[in-house]
Amino acid sequence: MMRRMVVVMNLVAFLALGGAVFFAVSAPPTAAADGSEDTVGLVNSATGEWHLTNEQGLVTSFFYGNPGDVPIMGDWDCDGVDTPGLFRQLDGFVYLRNSNTEGIADIRFFFGNPGDFPLAGDFNGDGCDTVSIYRPAEGRFFVINKLGENDGGLGAAETNYVFGNPGDKPFVGDFDGDEVDTVGLHRESTGLVYFRNTHTEGVADSEFIFGDPGDRFVSGDWNTNGIDSPGLFRPASTTFFFRFTNSQGVADSTFEFGSADWLPVSGSFALIGGTTPTTSTTTSTTTGTPTTTTTMTTPPSSAIVQVRDNSFSSQVVTIAEGGTVTWAWVGINPHSTTSGTGSGPGGVPDGNWDSGIRTGGPNFSHSATFSDSGTYTYFCQVHTGMTGTVTVISP
Ligand SMILES: [Ca+2]
Ligand SMILES: [Ca+2]
Ligand SMILES: [Ca+2]
Ligand SMILES: [Ca+2]
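Residues numbered from 1 in each chain as written. Chains lettered and ligands numbered in written order. Predicted model: local features only at pLDDT ≥ 70, side-chain atom pairs only at ≥ 80, totals over all residues. Heavy atoms only, no water.

**Student:** How should the sheet that holds strand β33 (residues 387-393) be read in this particular structure?
**Tutor:** In a beta sheet, neighbouring strands are held together by backbone hydrogen bonds and run either parallel or antiparallel to one another. Ordered in space as β27-β33-β32-β29-β30, the five strands form an open sheet in which the pairing is mixed. One side of each edge strand has no neighbouring strand; the edge strands of this open sheet are β27 (316-320) and β30 (348-354). Adjacent strand axes in the sheet meet at a mean angle of 40 degrees, parallel and antiparallel pairs treated alike. Taken together, the six bridges between strand β32 (residues 374-379) and β33 define a ladder with antiparallel strand orientation. (Pairing = 2+ DSSP bridges. Helix = DSSP H or I, 4+ residues; strand = E, 2+ residues; numbered from the N terminus. Axes fitted to C-alpha atoms, helices over the stretch in contact; angles between N-to-C directions.)

**Student:** Quick question: what am I supposed to make of the nonpolar core here?
**Tutor:** Looking at soluble globular proteins, one finds that nonpolar side chains tend to be buried together. In this structure, Phe 312, Val 325, Trp 327, Phe 370 and Val 390 are the most contacted members of the largest nonpolar core, which totals 19 residues. Listed by contribution, the elements that provide at least two residues to this core are β25 (302-308), β27, β28 (324-329), β32 and β33. (Core = buried A, V, L, I, M, F, W, Y, C linked by side-chain atoms within 4.5 Å. Buried < 20%, exposed > 50% of the residue type's maximum accessible area, 1.4 Å probe, protein only.)

**Student:** Is there a simple way to think about a negative patch on the surface in this case?
**Tutor:** A cluster of acidic residues, Asp 176, Asp 178, Glu 179 and Asp 205, forms a negative patch on the protein surface. Here Asp 205 lies in the loop between β16 (192-195) and β17 (206-209). (Patch = residues over 30% accessible without salt bridge, like charges linked within 9 Å, V, L, I, M, F, W, Y side chains within 5 Å. Areas by Shrake-Rupley, 256 points an atom, 1.4 Å probe, with all protein chains shown as cover. Salt bridge = Lys/Arg side-chain N within 4 Å of Asp/Glu carboxyl O. Lys, Arg positive; Asp, Glu negative; His and termini not counted. Charge placed at Lys NZ, Arg CZ, Asp CG, Glu CD.)

**Student:** Teacher, can you tell me more about the layout of surface pockets here?
**Tutor:** Vacant regions in the atomic arrangement are exposed by a probe of water-molecule size rolled over the atoms. Approximately 1100 Å³ is the volume attributed to the largest pocket. Around the largest pocket, the lining comprises 46 residues; the ones closest to its centre are Met 73, Ala 120, Val 172, Ser 219 and Ser 266. Of all the secondary-structure elements, those providing two or more residues to the lining of the largest pocket are β5 (70-74), β9 (117-121), β14 (169-173), β18 (216-220) and β22 (263-267). Residues that form the lining of the largest pocket fall into these classes: 21 nonpolar, 10 polar and 15 charged. Of the volumes computed, that of the second largest pocket is approximately 510 Å³. Forming the boundary of the second largest pocket are 24 residues, of which Glu 55, Ala 270, Leu 271, Ile 272 and Ser 314 lie nearest the centre. With three residues, β27 is the single largest residue contributor to the lining of the second largest pocket. Its residues placed into classes, the lining of the second largest pocket shows seven nonpolar, 12 polar and five charged. (1 Å grid on protein atoms, 1.4 Å probe; cavity = no way out; pocket = protein on both sides within 12 Å on 5 of 7 lines; lining within 4 Å. Points joined across faces, edges and corners; volume = space filled by probe spheres on them. Nonpolar A, V, L, I, M, F, W, Y, C, P; charged D, E, K, R; others polar.)

**Student:** I keep staring at the coordination of the calcium ion (ligand 4) and nothing clicks. Help me out?
**Tutor:** A four-donor tetrahedral metal ideally has 109.5 degree angles, and a six-donor octahedral metal ideally has angles of 90 or 180 degrees. Looking at the calcium ion (ligand 4), one finds its protein donor set to be Asp 221 (OD), Asn 223 (OD1), Asn 225 (OD1) and Ile 227 (O), positioned 2.3 to 2.4 Å from the metal centre. Read N to C, the donor residues that coordinate the calcium ion (ligand 4) are spaced as D-x1-N-x1-N-x1-I. Taking the relative accessible area as the measure of exposure, Asn 223 reaches 3% and is therefore buried. Judged by its relative accessible area of 28%, Ile 227 is partly exposed. (Donors = N, O, S within 2.8 Å, 3.2 Å for Na, K, Ca; no water.)

As structure tokens, this is what we get:
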């Protein structure tokens with residue numbers, strides 16, 4: 001999708017020579033912690049309605065929770081899919097669900113005090129997200145690496161430390177790509193973003209300005225390089241702004257969606273299909289002028305597919321006619337991306353593209369440009385069952 005365009009620009013420069021060619025990338029791609037692109041969602045906390053987007057920009061909606069609950073997203077059951085959680089600030093109760101569907105909580109427990117702010121993340125890098133809290137009155141984070149159960153209390157935090165200034169809004173992400181989530185803070189009054197890369201007390205490891213006063217912050221891996229970076233939901237224009245690096249600068253991509261009073265969430269939701277996003281009639285928080293706009297989605301001009309041990313991720317990508325797909329080797333085993341049917345040694349190449357069998361971990365990429373619309377299947381010549389599809393759409 002659009003969010004991927006900038007990261008492949010340096011790769012695309014190689015492709016200007018034309019066709020499917022081999023090249024070593026100068027900066028090796030890194031596997032995302034959960035192996036897929038993060039997307040955003042919006043929660044109407046007045047009604048408990050969730051609206052989650054997928055990598056094609058389509059929206060899935062369902063109800064979960066009660067009015068006023070604070071929404072979070074995390075991978076509570078360690079299957080790589082982020083699903084809803086709610087924190088009821090009145091009593092410190094946590095309600096987690098393991099699927100992106102309507103239904104009751106799968107996990108319930110309490111943690112923290114009334115007024116605490118919930119945080120979801122993988123704070124110890126074990127592949128499972130847990131719920132921790134930020135206590136604004138003390139500027140203190142309380143981190144715990146397990147979930148509670150059966151309406152019980154969770155006990156004391158494993159780590160706690162002071163970071164940041166009172167009034168700033170906390171967020172969670174893996175800002176250095178070590179697969180451990182740490183915390184940051186966003187100052188809504190100035191757009192200051194600052195974070196730490198360890199769960200220890202100290203000054204910010206990085207700080208920069210992104211966004212305008214009043215923007216609502218989310219973090220995520222928008223370009224699947226394994227590093228989380230800022231996103232913002234701007235209520236006045238119901239638009240998300242994404243930056244792909246943790247540095248000062250303008251947005252690398254935008255996405256218009258939702259309603260001004262909704263709260264942003266982010267994650268890897270594994271949703272297929274959905275409806276075209278729309279923005280609803282809203283009263284701008286800055287001018288009071290009602291505005292109505294509708295957003296059309298268009299296919300992206302490029303996509304990156306991770307070549308993993310042993311799968312292509314995402315297995316199905318959609319791009320616009322004339323676009324480019326880049327396969328980035330992140331696994332250790334030898335693999336190929338070979339157009340054709342079947343898979344493994346029994347696969348039948350059709351000659352559209354073939355990387356050949358390559359080893360070398362994250363030092364390899366192979367790209368192909370698609371000038372005609374259609375559905376293209378491909379496979380790994382080594383591993384039976386390792387297949388993928390590229391769908392090319394006329395703009
Ligand atoms: Ca999950
Ligand atoms: Ca964890
Ligand atoms: Ca980290
Ligand atoms: Ca990233």
